[in-house]
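Single-letter residue listing:
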Amino acid sequence: MQSARPRTRSERARIDANPVALLVFGIAALAAPARASDAASTPTVDPSSAVYQPNTILTFDVPKLAQAIRIDGRLDDPVWQTATKLTGFVEIDPGDNIRPQADTEAMLAYDDENLYIGFLCNDPNPSAIRANVTDRDAMFGDDFAGVMIDTFKDQQNGYEFFVNPCGIQGDLRRNRNNEDSSYDAVWYSGGQVTHGGWTAEMAIPFRSIRFPDQDLQSWGIHVFRNRPRASREQMSWAPISRDNDCFFCQAGTMSGIAGVNQGKNLEVLPYVLASQASALDGSDDATFDWTDDDAAGEAGVGVKYGVTPNHTLDFTYNPDFSQIESDATQIDANRTFALFYPEKRPFFLEGADMFDSNMDIVYTRSINDPELAGKFTGKNGRNTVAFMSAWDETSPYIVPFEEQSLAAAGTNTYSNILRLKRDVLTESYLGLMATDRREADGDGSNTTLGGDALIRFNDNFRVNAQMMGSYTHEPDDSLMSADFPEIDFGSDDQYDSFFNGEEFAGFGAEVDVVRSGRHYNANLWYDDYSPTFRAESGFVTQNNYRMLGFWNGYQFQLEKNPLFERIEPQLEGGRKYNYAGEFKDTWLSPSIWLRFKKQTYFWTGYLWSEEVFAGTRINGIRRWSWDIDTSFSKYLSAGMYSRLGHSVVRDRDDPRLGDEWSYGVYFNTKPLSQLRFDIAYDSFRLDELDGGPRIFDTFVSRAKLTYQFSSKLFFRVIGEYVDDSQAFALDPLLSYKINPFTVFFLGSSHSFGNYEDDPLTTPIEVAQPGYKQTERLFFVKFQYLFRV
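Reading the values: rules and limits
Residues numbered from 1 in each chain as written. Predicted model: local features only at pLDDT ≥ 70, side-chain atom pairs only at ≥ 80, totals over all residues. Heavy atoms only, no water. Helix = DSSP H or I, 4+ residues; strand = E, 2+ residues; numbered from the N terminus. Buried < 20%, exposed > 50% of the residue type's maximum accessible area, 1.4 Å probe, protein only. Contact = heavy atoms within 4.5 Å. Disulfide = S-S within 2.5 Å. Pairing = 2+ DSSP bridges. Axes fitted to C-alpha atoms, helices over the stretch in contact; angles between N-to-C directions. Phe/Tyr/Trp six-rings, centres within 6.5 Å; stacked < 30°, edge-to-face > 60°. Polar contact = N/O pair within 3.5 Å; in protein donor to acceptor, adjacent residues only side chain to side chain. Salt bridge = Lys/Arg side-chain N within 4 Å of Asp/Glu carboxyl O. 1 Å grid on protein atoms, 1.4 Å probe; cavity = no way out; pocket = protein on both sides within 12 Å on 5 of 7 lines; lining within 4 Å. Points joined across faces, edges and corners; volume = space filled by probe spheres on them. Nonpolar A, V, L, I, M, F, W, Y, C, P; charged D, E, K, R; others polar. Patch = residues over 30% accessible without salt bridge, like charges linked within 9 Å, V, L, I, M, F, W, Y side chains within 5 Å. Areas by Shrake-Rupley, 256 points an atom, 1.4 Å probe, with all protein chains shown as cover.

1. A look at the overall build of the protein chain
Here comes step 1: What the protein chain contains, in helices and strands, is 3 helices and 43 strands.
Here comes step 2: Across the 788 residues of the protein chain, 54% fall into the buried class.
Here comes step 3: Counting contacts in the protein chain only where the partners sit at least 6 residues apart, residues at least 24 apart contribute 61% of the total.

2. So, the state of the cysteines
Here comes step 1: Enumeration according to the criterion identifies 1 disulfide in this entry.
Here comes step 2: Across the disulfide, Cys 246 is cross-linked to Cys 249 (sulfur-sulfur distance 1.8 Å). Taking the torsion about the S-S bond as the criterion, the Cys 246 to Cys 249 disulfide, at about 70°, is right-handed. Taken individually, Cys 246 and Cys 249 each receive the classification buried, so the pair is uniform in this respect.

3. Focus: the sheet that holds strand 11 (residues 197-205)
Here comes step 1: The 5 strands lie next to each other as 2-4-5-11-10, forming an open sheet whose pairing is antiparallel. With one partner strand each, in any of the chains shown, strand 2 (84-86) and strand 10 (188-194) form the two edges of the open sheet. For this sheet, the mean angle separating the axes of adjacent strands, direction not counted, is 15°.
Here comes step 2: Where strand 2 and strand 4 (residues 104-110) come together, 3 bridges link them in antiparallel fashion. Within strand 4, the position partnered with Thr 84 by the bridge is Leu 108.

4. Concerning the packing of aromatic side chains
The geometry of an aromatic ring pair is captured by the separation of the ring centres together with the interplanar angle, meaning the angle of the planes.
Here comes step 1: Using the criterion set out here, one finds 44 aromatic pairs in the structure.
Here comes step 2: When the centroid spacing of 5.2 Å and the interplanar angle of 80° are considered together, the rings of Phe 161 and Trp 187 count as edge-to-face. Note that Phe 161 is positioned in strand 7 (residues 157-163) and Trp 187 in the loop between strand 9 (178-180) and strand 10, a separation of 26 residues in sequence. Trp 187 matches Phe 161 in its accessibility class, with the two residues each being buried.
Here comes step 3: Ring centres 4.9 Å apart and planes at 75° place the aromatic pair Tyr 707 and Phe 709 in the edge-to-face group.
Here comes step 4: Given the relative accessible area of 29%, Tyr 707 is considered partly exposed.

5. Structural notes on the side chain of Thr 413
Here comes step 1: Structurally, Thr 413 is set in strand 21 (residues 405-424).
Here comes step 2: We classify Thr 413 as buried; its relative accessible area is 1%.
Here comes step 3: Separated by 2.5 Å, the side chains of Thr 413 and Ser 395 make a polar contact.
Here comes step 4: Discounting residues that sit within four places of it in the chain, Thr 413 has contacts with Ala 390, Trp 391, Asp 392, Ser 395, Arg 437, Arg 438, Glu 439 and Ala 440.

6. Regarding the pattern of salt bridges
Any two side chains of opposite charge can pair, on the condition that their charged atoms come close.
Here comes step 1: The full count for this structure, using the stated rule, is 51 salt bridges.
Here comes step 2: Among the salt bridges present, the one from Arg 229 reaches Asp 143, with a minimum N-O distance of 2.9 Å. Here the residue Arg 229 occupies a position in the loop between strand 12 (216-228) and strand 13 (232-236), and Asp 143 occupies one in the loop between strand 5 (114-122) and strand 6 (144-150), the gap between them amounting to 86 residues. One exposure class covers both Arg 229 and Asp 143, and it is buried.
Here comes step 3: Note that Asp 353 and Arg 173 form a salt bridge whose closest N and O atoms lie 3.7 Å from each other. Of this pair, Asp 353 sits in the loop between helix 3 (346-349) and strand 19 (370-380) while Arg 173 sits in strand 8 (residues 169-175); the two residues are 180 residues apart in sequence, bridging distant segments of the chain.
Here comes step 4: Take Asp 353: its relative accessible area is 8%, and that puts it in the buried class.
Here comes step 5: Linked by salt bridges that have partners in common, Asp 123, Asp 143, Arg 225, Arg 227, Arg 229 and Glu 233 make up one network.

7. So, the pairing of strand 27 (residues 503-515)
Residues in a regular strand project their side chains so that they alternate between the two faces of the sheet.
Here comes step 1: In this structure, strand 24 (residues 461-473) lies alongside strand 27, joined through 13 bridges in antiparallel fashion. From the neighbouring strand, Arg 462 faces strand 27, where its bridge partner is Val 514.
Here comes step 2: Sheet analysis places strand 27 next to strand 28 (residues 520-529), joined by 8 bridges and oriented antiparallel. The residue bridging Val 514 from the neighbouring strand is Asn 523, located in strand 28.
Here comes step 3: The antiparallel hairpin formed by strand 27 and strand 28 contains 4 residues in its connecting segment.

8. Some details on unusual backbone geometry
Here comes step 1: Of the consecutive residues Asp 93 and Pro 94, the connecting peptide bond is found in the cis state with omega at 5°.
Here comes step 2: Here Pro 94 is to be found in the loop between strand 3 (90-93) and strand 4.
Here comes step 3: The phi dihedral of Glu 427 falls on the positive side, at around 50°, and the residue is not glycine.
Here comes step 4: Relative accessible area serves as the criterion here: at 2%, Glu 427 is assigned to the buried category.
Here comes step 5: Despite not being glycine, Gln 726 shows a phi value in the positive range, around 50°.
Here comes step 6: Within the secondary structure layout, Gln 726 lies in the loop between strand 39 (713-722) and strand 40 (727-737).

9. Some points on empty space enclosed by the protein
Here comes step 1: Using the criterion set out here, one finds 4 cavities of 30 Å³ or more in the structure.
Here comes step 2: Volume-wise, the second largest cavity comes out at about 180 Å³.
Here comes step 3: The wall of the second largest cavity is formed by 14 residues, among which Asp 154, Asn 157, Arg 173, Met 354 and Lys 379 lie closest to the centre.
Here comes step 4: No other element matches the 3 residues that strand 7 contributes to the lining of the second largest cavity.
Here comes step 5: Class assignment for the residues of the lining of the second largest cavity results in 3 nonpolar, 4 polar and 7 charged.

10. Considering a nonpolar patch on the surface
Here comes step 1: A grouping of Val 272, Tyr 736, Ile 738, Phe 744, Leu 746, Phe 782, Tyr 784 and Phe 786 is seen on the molecular surface, where their side chains present a nonpolar patch of about 720 Å² in accessible area.
Here comes step 2: For Tyr 736, the position within the fold is in strand 40.
Here comes step 3: Overall, Tyr 736 belongs to the partly exposed group, its relative accessible area being 36%.

11. Re the environment of Gln 555
Here comes step 1: Locating Gln 555 in the fold gives a position in the loop between strand 29 (545-554) and strand 30 (556-557).
Here comes step 2: A distance of 3.5 Å separates polar atoms of two side chains, one belonging to Gln 555 and the other to Gln 557.

Written as structure tokens, this is what we have:
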């Protein structure tokens, strides 16, 4: 089976191996909402079991301080004595609202500028505390503590702020049970390890978050601690029920903050960049002479203005993303659809959750090289609005078809994206989505318009549905599609794949029905994409199909078992047809997911499938898949995945079965608290059946070495080797980061090619065979955040 929306693998195996995503599954996917209420209450304890009773909402007021707190992580400032103190934390995972093995106390207060939170994290064995000096957002494998704040009390969105014992920050945005680790805010933190555990302090400026424009604030809040030992112990101040998946419905209520605002909240972020590039003068040049470009310089600016405390206007001119870590190369052998690469650019990451929907209608990497871009985002009561506009110099095309997608070089475009949402009921919404992309110098355009809804009911069920229409006017430029194969499509095959100015409308829809609970979890979905549906501002790589599928899992929770914590048998299946009613694919995949002690996870499954590809019905698709991940030690994490069995050879001239063996391994080690080494290796091999000739055999390896001199200064070097091209890249970077936005970078990038003295691969004699540097780039960048 191959799909632009793969379903054959349980996502839970990967999610539970991801330290950031564990916040979702440790708290929310195992959790459920209590009945929303503002009534004050306190936890009750069953003396015989010491289990906190579920469905309890906690409320408290925070006092206002007459003076600011100095943030150093020591908790020795006398004003902490006047703060509100929260105790009575419960272990929510692996235990089920039981007394934790270590006590925690949180303290909260505020002044005109900041919300202050302090943590006293006791530990019976301080030597086992995991505390590393890392870059921000790279500390989620450590001990950490923090708060999750629902400032609008809409029970859907919130901010998350965490700190480890070294004072390293981690911040995220939450949208329901999804977390976005790309979010960054300006705030302050400190921490220290003590003889009895560790302490931490944080100050969150009110101007760094959004909240209702009113004098008296009332926010939902979770207070949380993570303690990775034999198990990944997760502790919460508010008890959380596993029989319901609404996370913020179970939050406590923090009141008492009055008279605070974000002020003018004007931020200006200018940058200057200098660079110099060099390259070989011809890849077959036996003398390897270099051509050095002249040194180049450029500048740009970003502006953020808080129109109100909950509405923000962003603008950027000539943004530069030179500090962004390069994409890890993915293996594309035997794939016919475009590969997905995540967004990494700060301007597009901030507020990205507002543009999310069930379908991939918005993919901001389709705005490839913007010269000018702006956003307006905000929330007023139950209504959320987000609008983005950009002028892009090279917008690429991803053209979807039934069995493949095609790519074309970019052109100048104007892009506009509108997202509207209105909260209804509990943790539910109705939404509108519209996108429009038009060529700046031609007639090509694509527009999508539609609505979506998420409705949650009966505590355990939710329905997520979206329907979109599209209208496409192709560019009239045969050169852009000169390399395309000829593919006819439409209800009567009246259109072709070439860019010749054709116009057509399309339809797309996705519906998911999800059940989440303590033991039984299930998902039933239906996808429907017409042959003429396109979303050029999104990532829709396949159309002309109707697909119905299901996933079921029953989780056994074994808190007292000496080996296992969770066991979940799973079953997934589905069937797909094209719009002509022709069979395309069917599959059935039983699997099992295991969570062991020592933070170790294992998933394995077997696939039975039958598929039609390039007009040929291919039977006998059978393969095993498995995945193991572990963080058993404070010094080492590792994992491996593999697929072994019969898969489709996606040769359009001769589709057939082949023997696949693909696998990948990774590990990271932290021999010192400031030193980290990561390595990953991915391999794909496909042979003819019964030991026949090899069809594909390729791999990609990537390594990263990071030394963190302090919380602000680090040196990083990345090396990557791609077997297909026999190319090697090396990217060193020195970074000084005062906050996420005030930064100094000094870096370079080096590419190497293999020049062998072989007449079959090199047309001329090479004086010194071997790897030679083919390109290099040196750059220096300074960026400073002004907050007015």
